Amino acid sequence: MIEILFLLLPVAAASGWWVARRERGGKRDGGVPSHPDFLRGLNYLLEEQPDKAIDTFIKLAEVDGETVETHLALGSLFRRRGEVDRAIRIHQNLIARKHLGPDLRGYALYELGQDYMRAGLLDRAEGLFEELVEIGLHRLSALNALREIYQQERDWLRCLRVAERLQSLTDQPMTAEMAHYHCELAEDAHRKQDFDGARRCLTEAQMVDPNCIRAAMLEGMMALEEGDSDQAVVIFLRVAKRGAAYVPEILPSLIEAAERSRRFDTRGLLEDLAKRYPSPPLLLSLGDVVLQESGAEAALDLLTLYLSRFADLAVLERLLDLETRLDLGITPGRHRIAIALDVVRQLLSGQPAYQCEQCGFQARALHWQCPSCKCWGRVVPLQPEPIVRETDRTEASSA
Ligand SMILES: [Zn+2]
């Protein structure tokens, strides 16, 4: 339904102009879609029949070639159907008309910009959206489109400028996005071995958004690289406090820093974290340390305790794996555990590890910008489900 509403936006906007201009009764840009077929076309759109709508609008355009609204509706429909060339031709022809009023011209320019973006002609789209911002037509949509283009071009400085402008024009806060742009700049500087520059960008990120987890993570990684293990541990603990869900992301670096540090004890640190933020990767890492220091039985107890509270395949896999490695000789029970282990491994291999809180997109790796909805900082590691026992259920239903 959202899709079809989005599809209808330009048509609705165009018919809005039609109504407004009809009420003003002033000089018209083109013909007015008084034809009943225009409304029939709109109805097809509402009934989610875009092909029939296109046929109707094409016939209408043939009969009444001057109608701007019909052409706008057609252009938008062609683009959304993937026929970008046809959409571009329609919008270019509209813009070339001599007597087109400024608002319809602005609308056609915006639509043409969208066509160019869809066709991957980012330079041309950029020029049109800049023109719209300059003349003050569709300024917010054009700025948002420019931000999208600069993101695709990974031009983070220009992203920042546009975001600042958007924030000043609307009440919509852009702090999370701006902090991520600073983080992207920090990563660019880091790649170029410009460590001071990277640090400056991370400070900027945390000034814009004091809760920026990504900036703290990068700061911790840089401290570790520079050999300041104590400082790295302190920063990683700050990351855990800001966003417990991200602890698995910093875990290998945190363990490395703790092992190098003389101030922190790795096992104590992991045990403390596991009490506060019990995630499967943390349990697995703690399980490794416990296995080395206290043996298999102690590690199995730790994993069993976790599985009595949370349903998680990775921890179950480790538990079964440890069971098969215990020296119990060849027994029928051992064979059954090996079969169960195969099943669990197969299920685990198809499991996503991350999900976007905004659109539900699932991924196997962490993306700071969601590949699907393009939101920043909304893809988070999936959390294991707490175990609900039959007794809990009956208690809940009788309460
Ligand atoms: Zn998303």
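Everything here concerns the structure above.
Below is a summary of the structure that appears in this document. Everything quoted here is computed from the prediction, not taken from an experiment. (Residues numbered from 1 in each chain as written. Predicted model: local features only at pLDDT ≥ 70, side-chain atom pairs only at ≥ 80, totals over all residues. Heavy atoms only, no water.)

## Some points on the pattern of salt bridges
Step number 1: Across all of its chains, the model carries 24 salt bridges by this definition.
Step number 2: The partner of Arg81 in a salt bridge is Glu83, with the nearest N and O atoms 2.5 Å apart.
Step number 3: Of the residues examined, Glu83 reaches a relative accessible area of 23% and is grouped as partly exposed.
Step number 4: Notably, a salt bridge pairs Asp188 with Arg191, separated by 2.6 Å at the nearest N-O pair. A residue pair is termed a helical-turn pair when its members lie 3 or 4 positions apart in one helix, as Asp188 and Arg191 do in helix 10 (residues 175-191) at three residues.
Step number 5: Connected through salt bridges with shared partners, the residues Glu126, Glu130, Asp155 and Arg158 form a single ionic network. (Salt bridge = Lys/Arg side-chain N within 4 Å of Asp/Glu carboxyl O. Buried < 20%, exposed > 50% of the residue type's maximum accessible area, 1.4 Å probe, protein only. Helix = DSSP H or I, 4+ residues; strand = E, 2+ residues; numbered from the N terminus.)

## With respect to unusual backbone geometry
Step number 1: Phi at Arg154 takes a positive value of approximately 55°, unusual for a residue other than glycine.
Step number 2: Counting through the fold element by element, Arg154 comes out in the loop between helix 8 (139-152) and helix 9 (156-169).
Step number 3: Take Arg154: its relative accessible area is 47%, and that puts it in the partly exposed class.
Step number 4: Even without being glycine, Gln193 reaches a positive phi, approximately 65°.
Step number 5: Its place among the elements puts Gln193 in the loop between helix 10 and helix 11 (195-208).

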